[in-house]
Amino acid sequence: MSRQANRGTESKKMNSELFTLTYGALVTQLCKDYENDEDVNKQLDKMGYNIGVRLIEDFLARSNVGRCHDFRETADVIAKVAFKMYLGITPSVTNWSAAGDEFSLILENNPLVDFVELPDNHSGLIYSNLLCGVLRGALEMVQMAIDVKFVQDTLKGDNVTEIRLKFIKRIEENLPAGEE
C-alpha cells in the first residue's frame, strides 16, 4: 500500500516539476521574441487571461463552489480552493483595504519560480504575471472586474510573493430584452 501512495506523491511532484520547467521555457521564449520586459509581461498577462476565461468552467464544475456573496468570500475561495486545486498551495489572504475592496494574496512558496533566477538584464520582468491574467480572466467570467498586480516577488529579493487584487465593479450581464 505504501508503495502505491508513494508513487502518487512522486507522480504529482514530477507533474509539478514538468509544469514549472515548461512554464520556464515559455517565459524564456517570450523573452527572445519580444524586445523588452514590459512586452513580455503584457503577453504573460494576456495568456493568463485566456487561460482564466476557460479555467473557471473547470473550477466551478470540480469544486462545487456556489456563487460568492461578497469579495471577502471570493478571496477565501481563490486562496483555499483554487490555488490549492491548481497549484497545490494555499496563499494567505491579508492586507484588506478599509473599504473591503482590495486585498493581497501572500504566497510563501510560488511553484512557478522553482529552479528560476532572473538574469540582470530582465529586472523589469514579472515572471509569474500569468497568474494575474488567470485571476482577472476567471473573475471576469463570474461578473467581477478586478485589477491584479504583483507587489512583491521572491525572484526580486522579497521575502514573499504578494499579488494585490482590487475590485473595480460588478459586470452586469447584457441579456437580450425579454430574457432572464
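Each remark here, short or long, concerns the structure printed above.
Notes on the structure follow. Each chain has its residues counted from 1, following the order in which its sequence is written. Owing to the predicted nature of the model, reporting of local features is limited to residues with pLDDT of at least 70; listing and counting of side-chain atom pairs is limited to 80 or more, with chain, interface and lining totals taken over all residues. Processing note: side-chain calculations cover all non-hydrogen atoms of the structure and skip hydrogens and water entirely.

Side note on the overall build of the protein chain
So, step 1. Strands are runs of DSSP state E lasting at least 2 residues, helices are runs of H or I lasting at least 4, and numbering of each runs from the N terminus. In terms of regular secondary structure, the protein chain is built from four helices and four strands.
So, step 2. When the helices and strands of the protein chain are placed in sequence order, the string is α-α-α-β-β-α-β-β.
So, step 3. The buried share of the protein chain, reckoned over its 180 residues, is 39%.
So, step 4. Note on contacts: a residue pair qualifies if any of its non-hydrogen atoms lie within 4.5 Å across the two residues. Residue pairs at least 24 apart in sequence account for 58% of intrachain contacts in the protein chain once pairs closer than 6 positions are excluded.
So, step 5. Taken as a whole, the protein chain presents about 11,100 Å² of accessible surface, with 50% of it coming from carbon and sulfur. Burial classes: relative accessible area under 20% of the type maximum marks a residue as buried, over 50% as exposed, and values in between as partly exposed (1.4 Å probe, protein chains only). Method for areas: the Shrake-Rupley scheme with a 1.4 Å probe, in which residue coverage is limited to the protein chains shown.

Topic: the side chain of S63
So, step 1. Within the secondary structure, S63 sits in helix 2 (residues 37–63).
So, step 2. Ignoring any residue separated from it by four or fewer positions in sequence, one finds S63 in contact with V81 and M85.

Describing the packing of aromatic side chains
So, step 1. Any Phe, Tyr or Trp ring, taking Trp's six-membered ring, that has another such ring centre within 6.5 Å forms a pair; planes under 30 degrees apart are called stacked, those over 60 apart edge-to-face, and the others tilted. Within the structure shown, the criterion is met by five aromatic pairs.
So, step 2. Ring geometry for W96 and F103: centres 4.9 Å apart, planes at 35°, overall tilted.
So, step 3. Of the aromatic side chains, those joined through ring pairs into one cluster are F71, W96, F103 and F167.
So, step 4. When the ring centre of W96 is taken as reference, the NZ or CZ atom of R72 above it lies at 4.2 Å. Definition used: whenever NZ (Lys) or CZ (Arg) falls within 6 Å of the ring centre and also within 35 degrees of the ring normal, the charge is taken to sit over that ring.

Some words on the pattern of salt bridges
So, step 1. When a carboxyl oxygen of Asp or Glu is within 4 Å of a side-chain nitrogen of Lys or Arg, the pair counts as a salt bridge. All chains considered together, the criterion is met by five salt bridges.
So, step 2. With a closest N to O distance of 3.2 Å, D58 and R62 form a salt bridge. Of this pair, D58 and R62 both sit in helix 2, separated by four residues, roughly a single helical turn.
So, step 3. Across the pair K166 and E102 runs a salt bridge, and its minimum N-O distance is 3.9 Å. Taken together, the residues span a long stretch of sequence, with K166 in strand 4 (residues 161–170) and E102 in strand 2 (residues 102–107) at a distance of 64 residues.
So, step 4. Note on K166: relative accessible area 31%, which makes it partly exposed.
So, step 5. Residue class for E102 comes out buried when judged on its relative accessible area of 19%.

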